[in-house]
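Each chain, written out:
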Amino acid sequence: MNTVKIKQAATFTLQSINQLLWPPVCNNCGESICETDKSLCQKCWSELLSCTGAEYCPRCGKDASRYGLLDDACPDCQGKEFHFDRIARGGVYTQALQQMILSFKNGRTELDSTLVFLANSTLRASTFYNDIEIFVPVPLHWTRRLARGYNQSLIVTKKLKRPTAAISTDLVRIRRTKPQPIMVSPAARARNVAGAFAVRYGHKFAGKIVCLVDDIKTTGATLNECSKTLKEAGAAKVFAIVLAVAGQKK
Ligand SMILES: [Zn+2]
Ligand SMILES: [Zn+2]
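Calculation notes
- Residues numbered from 1 in each chain as written.
- Chains lettered and ligands numbered in written order.
- Predicted model: local features only at pLDDT ≥ 70, side-chain atom pairs only at ≥ 80, totals over all residues.
- Heavy atoms only, no water.
- Pairing = 2+ DSSP bridges.
- Helix = DSSP H or I, 4+ residues; strand = E, 2+ residues; numbered from the N terminus.
- Contact = heavy atoms within 4.5 Å.
- Axes fitted to C-alpha atoms, helices over the stretch in contact; angles between N-to-C directions.
- Donors = N, O, S within 2.8 Å, 3.2 Å for Na, K, Ca; no water.
- Tetrahedral: all angles 85-135°; square planar, octahedral: opposite > 155°, others 65-115°.
- Buried < 20%, exposed > 50% of the residue type's maximum accessible area, 1.4 Å probe, protein only.
- Phe/Tyr/Trp six-rings, centres within 6.5 Å; stacked < 30°, edge-to-face > 60°.
- Expected span 1.5 Å × (residues − 1).

Within the open sheet, the 5 strands sit side by side as β1-β7-β6-β2-β3. Their pairing is parallel. Taken across any chain shown, the strands that pair with only one partner, and hence form the sheet edges, are β1 (86-92) and β3 (166-167). Both strand β2 (residues 134-137) and β3 contribute to a ladder of 2 bridges, which runs parallel. Residue Ile134 lies in a different strand from β3, and its bridge partner there is Ala166. Seen against the sheet, helix α8 (residues 221-232) touches β1, β6 (209-217) and β7 (237-245) and runs at an angle of roughly 165 degrees to β6.

In this section: the coordination of the zinc ion (ligand 2). Donor atoms from the polypeptide that coordinate the zinc ion (ligand 2) comprise Cys57 (SG), Cys60 (SG), Cys74 (SG) and Cys77 (SG), at 2.2 to 2.4 Å from the metal. Each of the 4 donor atoms around the zinc ion (ligand 2) contributes to a set of angles spanning 102 to 115 degrees, which defines the coordination as tetrahedral. When the donors of the zinc ion (ligand 2) are listed by position in the chain, the intervening gaps give C-x2-C-x13-C-x2-C. Residue Cys60 is found in the loop between α2 (42-52) and β1, and its partner Cys74 is found in the loop between α2 and β1; the two are separated by 14 residues along the sequence. A relative accessible area of 4% means that Cys60 is categorised as buried.

Once that is clear, we can look at the packing of aromatic side chains. Overall, the coordinates contain 2 aromatic pairs when judged by the stated rule. Between Phe82 and Phe84, the aromatic rings sit 5.3 Å apart at their centres with planes inclined by 25 degrees, giving stacked as the arrangement. Note on Phe128 and Phe239: the rings are 4.4 Å apart at their centroids and 0 degrees apart in plane angle, and the pair reads as stacked. Of this pair, Phe128 sits in the loop between α4 (112-125) and β2 while Phe239 is found in strand β7, placing the two residues 111 residues apart along the sequence.

Another point: α4. In an α-helix, one full turn covers 3.6 residues, which means residues spaced three or four apart are oriented alike. Taking 1.5 Å as the rise per residue, α4 with 14 residues should run 20 Å; its terminal C-alpha atoms sit 20 Å apart, in good agreement. Taken together, the buried positions of α4 are Asp112, Thr114, Leu115, Val116, Leu118, Ala119, Asn120, Thr122 and Leu123. Against α2, β1, α3 (95-105), β2, α6 (152-158) and β7 lie the buried residues of α4.

Most of β1 is tucked away: 6 of the 7 residues are buried. Where β1 meets β7, 6 bridges bridge the pair, whose relative direction is parallel. For Ile87, the partnering residue across the bridge sits in β7 and is Ala240.

Note that every value here comes from positions in space, so none of it alone points to a role or purpose.
What follows is the structure, encoded as structure tokens:
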């Protein structure tokens, strides 16, 4: 047996032992998968495709056909004022995408590769990709960041591909707010986050085109309040990119 064949046999044996000890499983649901599948099982991939396939309103991020938009806004957004100028979303907060975002927030940071892939595709497809000068992750209050150990939005932001844009963490949450999911009405959610954000002394937002990064948008109260704070600090435009939009009901 020549050296090449011995090396091939050794690699094959090592791969077999590896698969025996650590059989490949779906990153999301834990089902066994083939070595050739890319980190997710067929079911999770097809769920992810169905969560991310639909067209949406660039103002609120909810499902909307592009033919149903007037001045780039769905009927529900007509006449409404948001502090952010446009939003791009990865998908709808349901099925595999919901599971992945929840697990990612609860410590399974290895899911970042799939979620960052989704975020980068979303970003490249957005109308504002080339305009962004500064990315700003939506901040957590320091007590919550300490409890979780990381800010999931910052992890995603650091892996976004927009070579000329900077990342700023000069937007901070100065008041601890109740978790938004327990707030029922949009008005209660808006009250909950009112005045919760501020910018650090020495920030560089004046005249800049900023893009907020968050995991989920529900009513948009958090994004709206962050955008208001950034515009008060002089930002020329504020865009937003989120992994998923929840609450499809109007
Ligand atoms: Zn799966
Ligand atoms: Zn809309």
